[in-house]
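Structure assessment
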Amino acid sequence: MISRARGWLALPFLALAMTACGTGTDRANHPGMAGNFYAGPGGTMPVGGDPATTALQGNAPGQGATPRPASDNDPLEGFNRAVFWFNDGVDTVLIRPLAVAYKAVVPAPARTGVRNVMRNLRSPLDFANQLLQGDVGGAGTVLGRFVINTTVGLGGLIDVAAENGLNYEYESLDQTLAVWGVPEGPYLVLPLLGPSSVRDAVGLTGEAYADPVTNWAQNTDRDWIIYTRAGLVGLDTRAELLEPLDDLKRNSLDYYAAMRSLYRQRRNGLIRDGAPDPSQLPAIPDYGDAK
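The following refers to the structure shown. The structure presented is a predicted model; accordingly, all values stated were derived computationally and were not measured.

1. Digging into the nonpolar core
The nonpolar side chains of a soluble globular protein tend to be buried, and buried together. Counting residues in hydrophobic clusters, the biggest one holds 13 residues, and the most contacted among them are F84, V189, L245, L248, Y255 and M259. Breaking this core down by element, the ones donating at least two residues are helix 4 (77–105), strand 1 (187–190), helix 13 (242–251) and helix 14 (255–271). Ranked by residues supplied to this core, first place goes to helix 14 with six residues. Counting five residues, the second-largest nonpolar core is a separate cluster that includes Y102, L235, A239 and L242.

So, in structure tokens, the structure goes:
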């Protein structure tokens, strides 16, 4: 009974996590973070990091992201825009003020520790996705990181593995499905969950069922752990996005289109593991027939 009560008390943290995603999450080189997840507007993304801030922080003040065409696989744009602005309203009223308070009260080293622990808890999902993608080396890195950080790193609080060259690399079921050739489907903006696609939404649902930590918490009547974990991820992510999102919202001609563009770039970069997009490479002239 007490566990159920804790679960309900933790619901605001779950809403926090999901709304933070809606503002353009799921983090540039922050202290203690191993690499980047987002491509900046017009750039590509290095491997590693968490899904949240590099693209946004790549925008200098006064520079908004260049929106993609309105026809960019967004047949539900009217619905998506309505949901997007609902999410933005919740963020303005609730999430951003909480993130401001969190960043002001919690020291940077402590926030880094929270981020490291959340990454460590995600290791089983990262490991499974690496294997499903056929990346045995990547799976070995995940396993090595988990063992080192769980033991020497005090349960993942300290990212000792990254300090020894084993950098964090986020892997999701959406990336796995993309590697398998599953098309992404139409662009979607989900209530509270934010930017997504049909494939991404399916992957998110699959991971929710497959996550060992979630299953353990549910089976032992500790649902509060699920909500608290999600809330901490969302709160930490939103706190790191305060300035970048403010700049993006203030300087974009179309905030919705800018966020859609960033989501596309982030997803494409994740799927390619940071490799350049072949479609964006300059054409090489064929001089074979030259006389």
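2. A look at the packing of aromatic side chains
Under the counting rule described, the total for this entry stands at six aromatic pairs. Ring centres of F84 and W85 lie 5.1 Å apart, and the angle between their planes is 85 degrees; this geometry places the pair in the edge-to-face category. Of the residues examined, W85 reaches a relative accessible area of 40% and is grouped as partly exposed. Every member of this aromatic cluster is reached through a ring pair, and the members are F84, W85, Y187, Y255, Y256 and Y263.

3. Section: helix 14
The end-to-end C-alpha distance of helix 14 is 24 Å, a good match for the 24 Å that 17 residues give at a rise of 1.5 Å each. For helix 14, the buried fraction is high: 15 of the 17 residues fall into the buried class. Capping of helix 14 at its N-terminal end is provided by D254; its side-chain oxygen lies 3.2 Å from the backbone amide nitrogen of Y256. At the C-terminal side of helix 14, D273 shows a positive phi close to 55 degrees.

4. With respect to the side chain of D74
Structurally, D74 can be placed in the loop between helix 3 (54–57) and helix 4. A polar side-chain atom of D74 sits 2.8 Å from a polar atom in the side chain of R260. For D74, the contacting residues outside a window of four places in its chain are N80, Y187, Y256 and R260.

5. Description of the pairing of strand 2 (residues 194–197)
Two strands pair when backbone bridges link them, and strand 1 and strand 2 are joined in this way by four bridges, in the antiparallel orientation. Bridged to Y187 within strand 2 is S197. Taking the residues that link successive antiparallel strands as the turn, the strand 1-strand 2 hairpin has three residues, and the phi of L192 there is positive, at about 70 degrees.

6. Focus: the packing of helix 5 (residues 108–121) against helix 12 (residues 223–240)
Interhelical geometry of helix 5 versus helix 12 gives an angle of 130 degrees and a closest axis separation of 10 Å. The orientation of helix 5 relative to helix 12 falls into the category oblique. For the crossing formed where helix 5 meets helix 12, the hand is left-handed. Here helix 5 contributes R111, V114, R115, M118 and L121 to the contact with helix 12, which in turn contributes R229, L232, V233, D236 and E240.

Rules used throughout
Residues numbered from 1 in each chain as written. Predicted model: local features only at pLDDT ≥ 70, side-chain atom pairs only at ≥ 80, totals over all residues. Heavy atoms only, no water. Core = buried A, V, L, I, M, F, W, Y, C linked by side-chain atoms within 4.5 Å. Buried < 20%, exposed > 50% of the residue type's maximum accessible area, 1.4 Å probe, protein only. Helix = DSSP H or I, 4+ residues; strand = E, 2+ residues; numbered from the N terminus. Phe/Tyr/Trp six-rings, centres within 6.5 Å; stacked < 30°, edge-to-face > 60°. Expected span 1.5 Å × (residues − 1). Polar contact = N/O pair within 3.5 Å; in protein donor to acceptor, adjacent residues only side chain to side chain. Contact = heavy atoms within 4.5 Å. Pairing = 2+ DSSP bridges. Axes fitted to C-alpha atoms, helices over the stretch in contact; angles between N-to-C directions. Parallel < 35°, antiparallel > 145°, perpendicular 65-115°, else oblique. Left-handed = near helix turned anticlockwise from the far one by under 90°.

None of the figures reported here should be taken as evidence of function without further support.
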